[in-house]
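# Notes for the structure review
Residue-level listing of the chains:
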Amino acid sequence: MDTRTGAGNPRITLSELAAAPVTVRRIVAHPYLAVRGIARGNLPSGWDVVAFALLFGAFVLISKGASQLGAPLSALEGTQIDLRPSALPYYALRTTLRMLAAMLVSLIFSIGYASLAAKSKRAERVLIPVLDVLQSVPILGFLTFTYTFFLGLFPGKVLGAELASVFVIFTSQAWNMAFSVYQSLRTLPPDLVEACKSLRFSPLQRFRRLEVPFAMPGLIWNMMMSMSGGWFFVVASEAITVGNTTITLPGIGSYVAAALAEKNRGAIGWAILTMLVVILIYDQLLFRPLIAWGEKFRADNEPGQVEPESWALRMLQRSRLVAWLWRPLDAAIGAVLRPRRAADAPGESRLHLPRWTPQAVDYGWYGAVAAGGAYGAWLVVHYISRSLGPGDVLHAVLLGMITMVRVMVLVGLATLVWVPIGVAIGLRPRLAAVAQPVAQFLAAFPANLFFGVAVSVIVGFHLHPDIWLSPLMILGTQWYILFNVIAGASVFPHDLRDAADNLHIRGWLWWKRVMIPGILPYYVTGAMTAAGGSWNASIVAEIVSWGGKQVQAHGLGAYITQATTAGDYPRVVLGVAVMSLLVVGFNRLLWRPLYRGAERMAGVEQ
């Protein structure tokens, strides 16, 4: 008796499949359908009732939240935010829909962008430095441009403002997710790659059955971090100022901004409570099911002693209603992702492209990239040199060095604190089930709510701003390290842990020989995104105002903020250019070598 691994795949006997390693059997198994294994029968069950209530409720809420998209923009101009607690459920709905829309776009972008960067040397040399720049560029400084662009796409409609808000949230979610997928694709286990070659998978089948599943655990944890980190940008994205026109989108972000402006501590407390409720809801309905579902993608040979559980995932698996709704989508996915081969000839598949590329093509590509980079640099230098001199450039570079020292120290301290905690959580599923929503809430807590406390303490105790404003840069970004370390520890192979226990490896030797090599790719992703986020946060953290008081530290972030406030665009361009160059240089000198070291430890040759 035999079976097929998929449309167009070579035949594999069941005895051969049973004798294969677990990792190979998991590749052959269908990795995507979470609703398989449903009991036969036609009568609805209790799970069908729950599924119907949730699906119908979601449909009603989405309809209500999207009902204003076609309304005229004039209806929002000058709208006052209602600070009564009774308005918060509707505001929470609008904000959650924006964040989920941004998350969907970020997911599509991350998988596509990272796949191209990981599989093409030519693309990698361009896409990864661009990603380094994008995560460090102060997005808040470009809000006016993005809002103008999206408002122009849908003139006079609320939809334009909503898309602009979604774009700003997207910029806070996509970069670390893309880095996570890129890291996973660069460190694919060689035995799984060889299994795909032995099964003669096409590139699309390998992408579907190996690459996406292998990247899924880390991607899920980075999605949680992105969802939480987006709350900071929500505050900025829901209060829009274009010229003399102010547009306030209903949402928790605009509610928090209005409460801060009025120093209404009661309203801030209600907003925090609402955020906690929203986080718990999408933790139960979205992320906890994803974590439990992602457990099937573990690459070790034994399942975890205590696997994550989710009532929502159990509902999806057992509900006949969900199965009936899923069937057409499953057929559509199968039609797209199951290409048939023309013939099963021996040897390499016809779909496999040759690995060699003509040198002339390489030289032409890299020459075009170098020419484009040189032209962009010339434009920046020409624009800056008309108003600024070498002294101004040197001043900006020195301020950039100060901010860089802050970022290095803060990332180092966050590493010492969160790596041991992340490993402890990731190795204990029971602890992870409790710590996950807590970490999500702490990561989602808007750091700007601490600004008033920081100013009061610094002024009251006569503290030095250069030192005591620095923690504000890492408050919202340290969680990238924690979430990525948890992801790495949660997929750490059980057989390696058992081997270390049998050999009585303890203490520092255990960290050096066992755990650090295992989580290093995930840590590098978290630390690099935390560093980029800290550079971005320096724009608002190095110069802080509360009421009539202002506290300022020396650094490139404060330099850019002052230039933006004064409308000094040459200095804004200079500050952003220096920041981008420092981030790219730092990534090239530190994080990229660490990436390569992690690949060597994993035995991966790219």
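Definitions and limits used
- Residues numbered from 1 in each chain as written.
- Predicted model: local features only at pLDDT ≥ 70, side-chain atom pairs only at ≥ 80, totals over all residues.
- Heavy atoms only, no water.
- 1 Å grid on protein atoms, 1.4 Å probe; cavity = no way out; pocket = protein on both sides within 12 Å on 5 of 7 lines; lining within 4 Å.
- Points joined across faces, edges and corners; volume = space filled by probe spheres on them.
- Helix = DSSP H or I, 4+ residues; strand = E, 2+ residues; numbered from the N terminus.
- Nonpolar A, V, L, I, M, F, W, Y, C, P; charged D, E, K, R; others polar.
- pLDDT = per-residue confidence, 0-100.
- Contact = heavy atoms within 4.5 Å.
- Phe/Tyr/Trp six-rings, centres within 6.5 Å; stacked < 30°, edge-to-face > 60°.
- Buried < 20%, exposed > 50% of the residue type's maximum accessible area, 1.4 Å probe, protein only.

## Considering empty space enclosed by the protein
- Counted by the stated rule, this structure contains 2 cavities of 30 Å³ or more.
- In this structure, the second largest cavity spans a volume of roughly 60 Å³.
- In this structure, the second largest cavity is lined by Ile111, Ser115, Val181, Leu185, Phe207, Glu211, Val212, Ala215, Met216 and Leu219.
- Of all the elements in the fold, those that place two or more residues in the lining of the second largest cavity are helix H4 (88–119), helix H7 (158–186) and helix H9 (203–237).
- Of the residues belonging to the lining of the second largest cavity, the class tally is 8 nonpolar, 1 polar and 1 charged.

## Observations concerning unusual backbone geometry
- Phi is positive for arginine 200, which is not a glycine, with a value near 55°.
- Phi at histidine 504 takes a positive value of approximately 55°, unusual for a residue other than glycine.
- Here histidine 504 is to be found in the loop between helix H21 (494–502) and helix H22 (507–541).

## Some words on the confidence of the model for the protein
- When pLDDT is averaged across the protein, the result is 78; 80% of the residues are at 70 or more.
- Here strand S1 (residues 2–4) is the element of the protein with the lowest mean pLDDT, 42, and helix H15 (residues 390–426) is the one with the highest, 93.
- Predicted confidence is poor over residues 1–19, with pLDDT under 50, and the contacts of this stretch with residues over four places away or in other chains come to 34 contacts.
- Per-residue pLDDT stays below 50 along residues 340–357; that stretch engages in 22 contacts with residues further than four places along the chain or on separate chains.

## Thoughts on the packing of aromatic side chains
- Inspection of the entire model under this criterion finds 16 aromatic pairs.
- With centroids separated by 5.9 Å and ring planes inclined at 15°, the aromatic side chains of phenylalanine 52 and phenylalanine 56 adopt a geometry described as stacked. In this pair, phenylalanine 52 and phenylalanine 56 both sit in helix H3 (residues 46–66), 4 residues apart, roughly one turn of the helix.
- Among the residues examined, phenylalanine 52 registers a relative accessible area of 51% and is labelled exposed.
- Put simply, the rings of Phe109, Tyr113, Phe149, Phe150, Phe167, Phe170 and Trp175 pair up and form one aromatic cluster.

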